[in-house]
Amino acid sequence: MSLMPTAHGPRRGATKRRQPGQRRYLPDGARIDRWLDRLVDIAVIVALVVGGVALLLTLVSFSRG
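What you see is a predicted model; the values in this text were computed from it and never measured.

Cut-off values and rules
- Residues numbered from 1 in each chain as written.
- Predicted model: local features only at pLDDT ≥ 70, side-chain atom pairs only at ≥ 80, totals over all residues.
- Heavy atoms only, no water.
- Helix = DSSP H or I, 4+ residues; strand = E, 2+ residues; numbered from the N terminus.
- Buried < 20%, exposed > 50% of the residue type's maximum accessible area, 1.4 Å probe, protein only.
- Areas by Shrake-Rupley, 256 points an atom, 1.4 Å probe, with all protein chains shown as cover.
- Phe/Tyr/Trp six-rings, centres within 6.5 Å; stacked < 30°, edge-to-face > 60°.
- Lys NZ or Arg CZ within 6 Å of the ring centre and 35° of its normal.
- Patch = residues over 30% accessible without salt bridge, like charges linked within 9 Å, V, L, I, M, F, W, Y side chains within 5 Å.
- Salt bridge = Lys/Arg side-chain N within 4 Å of Asp/Glu carboxyl O.

Would you take a moment to explain the overall build of the protein chain for this structure?
Of regular secondary structure, the protein chain possesses one helix and zero strands. For the protein chain, buried positions account for 2% of its 65 residues. As displayed, the protein chain offers around 7100 Å² of accessible surface, 63% of which is attributable to carbon and sulfur atoms.

Listed below in structure tokens is the structure:
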């Protein structure tokens, strides 16, 4: 029994990947979930930025006074 792969046997290993040009059909619920995920991502990033600016302004005001 050889340990080297041969071209005659079934392919084993990584799963077959989707080709870049092909789109899968997504049900309406999955589309809404993707948009909600993006909306939540944007909201979290905005909240982190606003919190960071507020923290910096607070630290600057304490250092002055």
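Following the structure, the description resumes.
I'm lost on the packing of aromatic side chains in this one. Help?
Each aromatic ring pair is described using two quantities: the centre-to-centre distance and the angle formed by the ring planes. Enumeration according to the criterion identifies zero aromatic pairs in this entry. The ring of Trp 35 carries Arg 38 above its face, with NZ or CZ at 5.3 Å from the centroid.

Quick question: what am I supposed to make of a nonpolar patch on the surface here?
On the surface, Ile 45, Val 49, Val 53 and Leu 57 cluster together to form a nonpolar patch covering roughly 380 Å² of accessible area. Here Val 49 is to be found in helix H1 (residues 28-64).

Distances and angles like these do not, on their own, reveal function.
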